[in-house]
Amino acid sequence: NCDVLLNWKGFYRPAHQSCVEPALSAGVETAQNKIEHGSYFTGILGALVGSFLGAIPSFLSIWFGNRVFAMLFALIPLGAYLGYKLAHGKMNRLVTVITIVVSFVQLFVLEQVIFYFAIVDAYGIYPNIFATAAFYFQIYTFSDIVESMGMEFLFLLLGSWISWRLII
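Everything quoted here is computed from the prediction, not taken from an experiment. (Residues numbered from 1 in each chain as written. Predicted model: local features only at pLDDT ≥ 70, side-chain atom pairs only at ≥ 80, totals over all residues. Heavy atoms only, no water.)

Details of helix H3 (residues 75–86)
And then number 1: Across its 12 residues, H3 extends 16 Å between first and last C-alpha, which sits within 8% of the 16 Å expected from 1.5 Å per residue.
And then number 2: All of the buried residues in H3 are Ile 76, Pro 77, Gly 79, Ala 80, Tyr 81, Gly 83 and Tyr 84.
And then number 3: Here the buried face of H3 lies against helix H2 (40–65), helix H4 (94–123), helix H6 (142–162) and helix H7 (164–167).
And then number 4: With its phi angle positive at about 60 degrees, His 88 sits one or two positions after the end of H3. (Helix = DSSP H or I, 4+ residues; strand = E, 2+ residues; numbered from the N terminus. Expected span 1.5 Å × (residues − 1). Buried < 20%, exposed > 50% of the residue type's maximum accessible area, 1.4 Å probe, protein only. Contact = heavy atoms within 4.5 Å.)

See the structure below:
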């Protein structure tokens, strides 16, 4: 007595419409709840944490391997999006903008972490992270910063393009 076909794991299965409708309406209700009751604040915090975790493989490849891999930079926007989503951010069109902006902020954070570890490695001291950021801007000009972050910037653009279908 099945009256509908249900696409389940790539195969069409016969099902009862009365059995399928409650599950579909629960999914629609959950999606509406995330759109209406999400929080931008917790979402942005989650995106920052997620993008930081997504940048760890890039940091490890740069620091230990002296290599920059473009594919690893796709993890930064993916981590930002998943962090935003897991932190119950408001899931509307603004999530894409927030994900991209947080990803580029994370690129600057990655540069600062690499600089911090270079200071620790060169001088054997563990200074305050804010002191190293101030020192970074004292010794580097704008053109030095652009030159230092240029390749990572292009790779982050490529990584955002790779992960675009997931973050829109």
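Some remarks on unusual backbone geometry
And then number 1: Notably, Asn 66 is not glycine yet its phi reads approximately 55 degrees, a positive angle.
And then number 2: Here Asn 66 shows up in the loop between H2 and H3.
And then number 3: Judged by its relative accessible area of 64%, Asn 66 falls in the exposed class.
And then number 4: The phi angle at His 88 is positive, at roughly 60 degrees, despite the residue not being glycine.
And then number 5: In this fold, His 88 is placed in the loop between H3 and H4.

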